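Report on the structure
Here are the chains, one letter per residue:
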Amino acid sequence: MGKHESYLIRLTKDQIEPASGMLVRSFFNDPKLAHILPDEEERRKKGRHLFAFELRYGLRYGRVYATSPNLEGVATWIRSEKAAITFWRAMLCGGMALQKGLGKEAMDRLEAFSEQADFYHEKHLPTPHCYLFFIGVDPRFQGQGYGGMLMRPMLEWLDETGTACYLNTQNEANIGLYEHFGFRVAGQVTLPESDIVHTGMVRKPAGERGSSPD
């Protein structure tokens, strides 16, 4: 991103473990994580395996940024052509360790969820774009602007390059935040067997969007 990433740091492999712990705290009450790991104690212990895998995936196929070495927040961005986690991509990013760490039942729930999420992702935005895989801020620092700090540099770069962006959220309370940054709801559906309200959001390039967000 050049000038736009000057106040962020690129996450390194050495930071995966502490970043995973922070993301478990950030997403602890998120409907997706609670569905995959409904038992709170298991969620605390096993959630790290999920986020470690997702961070490795982001490091291999996209860009992972943190607010500082203190890891107040982390965001992962991936090119749309690498957004779907195929079997072989998963294996290259520690898929076997993920299976072992989560256990069969949680892994089955994760795979079913991911299959549905990928279906709606393709439906909502089938053309090439950037995918905001996830963004998380430590609960101790939420409400202090770290989310915006993580998002603005990449969104500015996407505007300059005329690139659309996609994200999905299972937390309806976050929709307004993303709308502030120019995203609009592309579709919303209750996923079967989970009662999760899954919302896909698209941010068009600046020239197609009208006035820019703050």
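Notes on the structure follow.

So, how was this worked out
Residues numbered from 1 in each chain as written. Predicted model: local features only at pLDDT ≥ 70, side-chain atom pairs only at ≥ 80, totals over all residues. Heavy atoms only, no water. Helix = DSSP H or I, 4+ residues; strand = E, 2+ residues; numbered from the N terminus. Expected span 1.5 Å × (residues − 1). Bend = angle between axes of the 7 residues up to and from the residue. Buried < 20%, exposed > 50% of the residue type's maximum accessible area, 1.4 Å probe, protein only. Pairing = 2+ DSSP bridges. Contact = heavy atoms within 4.5 Å. Axes fitted to C-alpha atoms, helices over the stretch in contact; angles between N-to-C directions. Right-handed = clockwise from strand over helix to strand, strands pointing away.

1. Comments concerning helix H7 (residues 146–161)
- Compared with an ideal rise of 1.5 Å per residue, which puts 16 residues at 22 Å, H7 spans 24 Å between its outermost C-alpha atoms and is within 8% of the ideal.
- At Arg152, H7 shows its maximal kink, close to 30 degrees; a proline, Pro153, follows between one and four residues later.
- For H7, the set of buried residues is Tyr146, Gly148, Leu150, Met151, Pro153, Met154, Leu155 and Leu158.
- Two residues or fewer past H7, Gly162 is found with a positive phi of approximately 65 degrees.

2. Quick word on the sheet that holds strand E3 (residues 73–79)
- One open sheet holds the 7 strands; their spatial order is E1-E2-E3-E4-E5-E7-E6, and the pairing between them is mixed. Sheet topology places strand E1 (9–10) and strand E6 (184–190) at the edges, where each strand pairs with a single neighbour.
- Here strand E5 (residues 165–169) runs beside strand E7 (residues 197–203); their pairing, made up of 5 bridges, is antiparallel. What sits directly across from Thr169, in E7, is Thr199.
- Helix H3 (residues 40–61) contacts strand E2 (62–66), E3 and strand E4 (130–137) of the sheet and is inclined by roughly 120 degrees relative to E2.

3. Examining the pairing of E5
- With respect to burial, E5 is a largely interior element, 5 of its 5 residues being buried.
- Along E5, one buried face is formed by Cys165, Leu167 and Thr169 and the opposite face, lined by Tyr166 and Asn168, is buried too.
- As judged from the 2 bridges shared by E4 and E5, these two strands associate in the parallel manner. By the bridge assignment for E5, Tyr131 is matched with Tyr166.
- Handedness of the crossover joining E4 and E5 through H7: right-handed.

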